[in-house]
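Residue strings, one per chain:
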Number of protein chains: 2
Amino acid sequence: MSVLTGFEKRDSNHLMELIKPDVVRVEAAMRFDIDSLTDQHDQLLMEVLRYGLFNGGKRFRPLLATVAARLCGETGPDIYRLAMAFEYLHMATLFHDDVIDNADTRRGRPAVNKAYGMVAAILAGDFLHARSMAIIGECGGIEALKIFCLATSGMVDGEFLQLRNTTNFNQSEEDYFTAITGKTALLIAATTEIGSLAAGGKSMERQALRRYGSNLGCAFQMIDDLLDYLGDPNTTGKPVGNDLAEGKMTLPLILAMNRAELQDRQHLLAILQNSDLRRKSLTEVTGIILKYNGFTDTKTKAEEMIREAISPLEIFSRSDQGRDRMILAGLAQYVLTRKK
Amino acid sequence: MSVLTGFEKRDSNHLMELIKPDVVRVEAAMRFDIDSLTDQHDQLLMEVLRYGLFNGGKRFRPLLATVAARLCGETGPDIYRLAMAFEYLHMATLFHDDVIDNADTRRGRPAVNKAYGMVAAILAGDFLHARSMAIIGECGGIEALKIFCLATSGMVDGEFLQLRNTTNFNQSEEDYFTAITGKTALLIAATTEIGSLAAGGKSMERQALRRYGSNLGCAFQMIDDLLDYLGDPNTTGKPVGNDLAEGKMTLPLILAMNRAELQDRQHLLAILQNSDLRRKSLTEVTGIILKYNGFTDTKTKAEEMIREAISPLEIFSRSDQGRDRMILAGLAQYVLTRKK
């Protein structure tokens, strides 16, 4: 349990200091890339891209790619270019997600689909999608491209699974893990694996970093799903109860449904089947989930996955790898304790 | 003018016979690919893909890639796999276009966004987009991928130019050619160039096939824009007057606007600025375009571009290239005379 305790404000500050140089360089690489495109592309497209891309994102994915590449021996500036591709794909999916959800805001200001319209959001997403693939192919070769495309396809699968399951309130834990693996974990696993691949990492190193990414991605999504019930809107910037309002079955609710006594279960079902009730019953549903340990057991599972993420990193045991290994472990702990 | 005359029903039948074996093989390659994906991907996604992909499309782009590759010496079955990627990207853009236009039908039946909903249409488009890139990278290498991504980016540029110009009724011929190059010609040029590249074509061959594709693509779009005014809905399967109703400035109308006397010009502007009038004034606007030779001059320009498309093919002069050269020339003539 040692990895999971004692991650305090002090550690968080230390982590931020460790990652800052990389985040700054990724940001600079993105600005340089977008500037270099400006003369060749439509001015409105470029405006939309700047608006959507530079909004204070955490650059979590590029950071993972950068650190993974460095752990496998690559230290040149090319890693920032490769890393940027993961942010592009991530943003492309966010643009499309916000169209799909008809979202109003993203990071506290109008989402691209609201600021520039649906058409611009779909097209700018397509542009970033294509550009990310081109960069991955250029920096990581065909094998990297293959892994990347498998991750994208897997994301679409995950979304479709969710689409098919929208009115299925009797989901298993397995359904949930299949969906979050596709939706989140595959791309994060691809990020760390491709970082390693592009740096010429050995098979063992690639596998270790893939396992790290995959487990980290799952835990990340699980905490996200917890915050949707328990987060503080002032900190997360998002209202609570979205998932319930949409009838989306995430792990806390799935656990409660599967464990509830008949009466509670019928009550939950009645709420879930009525979209008005879903919007009004957050407190009540939260109470039932609490009763059946849905939140604590979700947290425990996320902690397990974080341990599974950190454990394979042991192979990076050289002293010059200490700093980057500390970053990956720190990010994993941050995922668990994050409030937003 | 010889290439442009005498392309009668008989020639069209002959062309169809020449291309049939390739079209059948491309279709088979696509079915094989989709079948091979079925076990690994979401069942609803696969249903949407089958629905959207197998609807009697002409497979124009894969055919161009196939013939270009063969002209450059590649005769193995791999060319059909490569060719398929161009249909995938084309369909991906159609799925997204239909979402953007909120289209009801495609090829006489509900469009994907109507049959399965907007979310499914966006996601299935993203899936095909990723898959097409993976196949291009796999079959054509990184250089092919680069050309392909430039074409996709160019398509987005073309769409954005159109988006910016929606209320600009004073467009130049140059604006029009920039837009259709991005929207249509770049991808067709990429198709023939990558076909050549993947077959190991010489630089001269690649250039010739790129010029063919680029000119063919422009001519194709110009005829499309003519048919939007003059086509027979029973033959095209689409109502006439769509572009006018949307206020979309295509070449016939641009020519008329730029040439019209003050009174006609003001009258056209008054119609264009009012969406109700635009929907009601097709006959009247058609009359004004006729008066200023907007249709005949569009047709003449398309004929010029078809000559520009066919002329570089002269370098493929070996007797064993005759059949494929005849197909490309025939397709170009077909584009000019097509009624749908």
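Residues numbered from 1 in each chain as written. Chains lettered and ligands numbered in written order. Predicted model: local features only at pLDDT ≥ 70, side-chain atom pairs only at ≥ 80, totals over all residues. Heavy atoms only, no water.

## Focus on the overall build of chain A
What chain A contains, in helices and strands, is 16 helices and two strands. Taken over the C-alpha trace, chain A has a radius of gyration of 20 Å; the compact-globule value for 340 residues is 20 Å, and the two agree within 12%. Taking the principal axes of its C-alpha atoms as reference, chain A extends roughly 60 × 50 × 35 Å. Residues counted as buried form 57% of the 340 residues belonging to chain A. Here the contacts in chain A between residues at least 6 apart in sequence split such that 76% fall between residues at least 24 apart. (Helix = DSSP H or I, 4+ residues; strand = E, 2+ residues; numbered from the N terminus. Rg over C-alpha atoms; globule rule 2.2 N^0.38 Å. Buried < 20%, exposed > 50% of the residue type's maximum accessible area, 1.4 Å probe, protein only. Contact = heavy atoms within 4.5 Å.)

## A look at the pattern of salt bridges
Counted by the stated rule, this structure contains 42 salt bridges over all chains. In this structure, A:Asp22 engages A:Arg70 in a salt bridge whose closest nitrogen and oxygen atoms are separated by 2.7 Å. Of this pair, A:Asp22 sits in helix α1 (residues 9-37) while A:Arg70 sits in helix α3 (residues 60-71), and the two are 48 residues apart along the sequence. Across the pair, exposure class does not vary: A:Asp22 and A:Arg70 are buried alike. For the salt bridge of B:Asp42 with A:Arg164, the shortest nitrogen-to-oxygen distance reads 2.6 Å. Taken together, the residues B:Asp42 in the loop between α1 (9-37) and α2 (43-53) and A:Arg164 in helix α6 (residues 118-164) connect one chain to another. Overall, the relative accessible area of 33% leaves A:Arg164 in the partly exposed class. A cluster of three or more residues bridged by salt bridges with shared partners is formed by A:Asp33, A:Arg81, A:Arg131 and A:Glu138. (Salt bridge = Lys/Arg side-chain N within 4 Å of Asp/Glu carboxyl O.)

## Here's the deal with a positive patch on the surface
Residue and element names in this part refer to chain A. Among the surface-exposed residues, Lys9, Lys58, Arg107, Lys238 and Lys340 lie close enough to one another that they form a single positively charged patch. Checked against the element boundaries, Lys238 lands in the loop between α9 (233-236) and α10 (242-246). Owing to a relative accessible area of 46%, Lys238 belongs among the partly exposed residues under this scheme. (Patch = residues over 30% accessible without salt bridge, like charges linked within 9 Å, V, L, I, M, F, W, Y side chains within 5 Å. Areas by Shrake-Rupley, 256 points an atom, 1.4 Å probe, with all protein chains shown as cover. Lys, Arg positive; Asp, Glu negative; His and termini not counted. Charge placed at Lys NZ, Arg CZ, Asp CG, Glu CD.)

## Things to note about the confidence of the model for chain A
The predicted structure's coordinates, where accompanied by low pLDDT, should not be read in detail. All names here are of chain A. The pLDDT averaged across chain A works out to 92; a share of 98% of its residues lies at or above 70. Across residues 1-5, confidence stays below pLDDT 50; counting only partners more than four residues off in sequence or on other chains, it has eleven contacts. Per the prediction output, this complex has pTM 0.85; the corresponding ipTM is 0.80. (pLDDT = per-residue confidence, 0-100.)

## Some thoughts on the packing of aromatic side chains
With the rule as written, the count across this model stands at ten aromatic pairs over all chains. Ring geometry for B:Phe86 against B:Phe148: centres 5.6 Å apart, planes inclined by 85 degrees, an arrangement best described as edge-to-face. In this pair, B:Phe86 is assigned in helix α4 (residues 78-100) and B:Phe148 in helix α6 (residues 118-164), connecting sequence segments 62 residues apart. Between A:Arg31 and the ring centre of A:Phe54, over which it is positioned, the NZ or CZ distance is 3.9 Å. Taking NZ or CZ as reference, B:Arg109 lies 4.0 Å from the ring centre of B:Tyr51, over its face. (Phe/Tyr/Trp six-rings, centres within 6.5 Å; stacked < 30°, edge-to-face > 60°. Lys NZ or Arg CZ within 6 Å of the ring centre and 35° of its normal.)

## Here we look at the state of the cysteines
Taken as a whole and assessed by the stated rule, the structure comprises zero disulfides over all chains. Counting only cysteine sulfurs, A:Cys139 is the nearest neighbor of A:Cys72, a cysteine outside any disulfide, at a range of 16 Å. Of all cysteine sulfurs, the one in B:Cys149 lies closest to A:Cys149, which takes part in no disulfide; the gap is 9.4 Å. (Disulfide = S-S within 2.5 Å.)

## Comments concerning the side chain of A:Ser153
Among the secondary structure elements, A:Ser153 is positioned in helix α6. At a separation of 2.7 Å, a polar atom in the side chain of A:Ser153 contacts the main-chain carbonyl oxygen of A:Cys149. (Polar contact = N/O pair within 3.5 Å; in protein donor to acceptor, adjacent residues only side chain to side chain.)

## Some thoughts on the relation of the copies chain A and chain B
By a simple turn and slide, chain A fits onto chain B: the slide is 0.0 Å along the axis, the RMSD is 0.0 Å, and the turn is 180 degrees. The operation mapping one copy onto its partner corresponds to a two-fold rotation axis. In this assembly the copies share their binding face: 100% of the residues contributing to the interface of chain A also contribute to that of chain B. (Least-squares fit on C-alpha atoms with pLDDT ≥ 70 in both.)

## Overview of α4(B)
Its 23 residues place the ends of α4(B) 34 Å apart at the C-alpha level, agreeing with the 33 Å of an ideal helix rising 1.5 Å per residue. B:Asn102 sits one or two positions beyond α4(B) and adopts a positive phi of about 50 degrees. (Expected span 1.5 Å × (residues − 1).)

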